[in-house]
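As a plain string of letters, each chain reads:
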Amino acid sequence: MKLIKDIHSLSQIVSSKKHEHINIGFVPTMGALHEGHISLIKQSLLENDFTIASIFVNPLQFNNPDDLKKYPRALDSDMQMLESAGCNALFAPETSEVYSGDEQPLQFDLGNLANIMEGKFRPGHFAGVITIVHKLFSWVKPDVAYFGEKDFQQLAVIRKMAKALHPNIIVTGCPTLREPNGLAMSSRNVRLNKTVRHNASIIYKAMQHARQLKNVLPVYEVCSKVRSMIEEVAPFKVEYIEIADAVNLQPLQQWSDTQSARIFVAVFANDVRLIDNAAL
Ligand code: PAF
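On a predicted model such as this, the values are computed, not experimentally measured, just so you know.

1. Thoughts on the pattern of salt bridges
All chains considered together, the criterion is met by 13 salt bridges. The shortest N-O distance in the salt bridge between Asp67 and Arg122 comes to 3.9 Å. Taken as a pair, Asp67 in helix H3 (residues 65-70) and Arg122 in the loop between helix H6 (118-121) and helix H7 (125-140) lie far apart in primary sequence, 55 residues in all. Neither Asp67 nor Arg122 differs from the other in exposure class; each is buried. Where Arg191 meets Asp271, a salt bridge forms, and the shortest distance between an N and an O atom there is 3.1 Å. Highlighted residues: Arg191 in the loop between strand E6 (170-174) and helix H9 (194-199) and Asp271 in the loop between strand E8 (261-269) and strand E9 (272-279), separated in sequence by 80 residues. Under the relative-accessibility criterion, Asp271 is labelled partly exposed at 43%.

2. Brief notes about the pairing of strand E5 (residues 144-148)
Taken across its five residues, E5 has four buried, putting it largely inside the fold. Judged from the two bridges that link them, strand E2 (residues 24-29) and E5 form a sheet pairing that is parallel. When the sheet's bridge partners are listed, Phe26 is paired in E5 with Ala145. In this sheet, E6 lies alongside E5 in parallel orientation, the contact comprising five bridges. In the sheet register, Val144 faces E6, and the bridge partner there is Ile170. Note on the crossover from E5 through helix H8 (residues 152-165) to E6: the handedness is right-handed.

3. Topic: empty space enclosed by the protein
The full count for this structure, using the stated rule, is one cavity of 30 Å³ or more. Each pocket or cavity is described by its volume, and for the largest cavity that value is around 40 Å³. In this structure, the largest cavity is lined by Leu183, Ala184, Ile203, Leu274, Ile275 and Asp276. Top element by residues in the lining of the largest cavity is E9. It accounts for three residues. The class makeup of the residues in the lining of the largest cavity is five nonpolar, no polar and one charged.

Rules behind the numbers
- Residues numbered from 1 in each chain as written.
- Predicted model: local features only at pLDDT ≥ 70, side-chain atom pairs only at ≥ 80, totals over all residues.
- Heavy atoms only, no water.
- Salt bridge = Lys/Arg side-chain N within 4 Å of Asp/Glu carboxyl O.
- Helix = DSSP H or I, 4+ residues; strand = E, 2+ residues; numbered from the N terminus.
- Buried < 20%, exposed > 50% of the residue type's maximum accessible area, 1.4 Å probe, protein only.
- Pairing = 2+ DSSP bridges.
- Right-handed = clockwise from strand over helix to strand, strands pointing away.
- 1 Å grid on protein atoms, 1.4 Å probe; cavity = no way out; pocket = protein on both sides within 12 Å on 5 of 7 lines; lining within 4 Å.
- Points joined across faces, edges and corners; volume = space filled by probe spheres on them.
- Nonpolar A, V, L, I, M, F, W, Y, C, P; charged D, E, K, R; others polar.

In structure tokens:
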């Protein structure tokens, strides 16, 4: 696997692949890779001739400086995982390669996606995400880019940005991979101790319970049942629970508001913030 640190070398590789009409699949990440990321790489390898991954912990998308400081970093083991998965190239730039000192977030209207759920609770987060993804898309020029559905709202945000600014790039969402106890795989899971990681199965169990209660109880009652189920287990504290339309992500008032309902949760396990979602 080729390690690329600068934009100039990346552009040279991309130009030569384009020249040879080689399809490029792209998997952007912030590193601390797990099997969920590797499933995206494998999907890209199946569907494209050449797969590029990126690892960049994007400071612009962290609304909390402490979260940025504590975000896990593991470049050596990440490279080994990518290599054994068969990834062709890794772009892993330094921050100074990506951003000028006074970089401003990309101005792009995300509509109501910016004001609900992650948009509401992490102000500026999505502006930071689309800023980096727009840059990466402009440099890597992929035919297809792969993102996990664990960050379902992020996927919707990236689709909206790409439709306007990179209409030729296909944005593909891939299913969430889960640990045997149901906990969604996430780079942040390494910050949970063994007991908390074990008990975090309550998040998945509560979402499954919501599926059983769909059309049985009103939407707001299901949300409140899910909240109490999760908060009965220490140390979990719910930040939000929303049941929303799976397409436009607008919160539902009643079940008949949509054909495809999805539950979204954000939960704190002490200072580690976990998000998850599931079709109902
Ligand atoms: O999902 C992530 O890891 C990040 O938000 C992304 C898409 C790589 C942008 O930094």
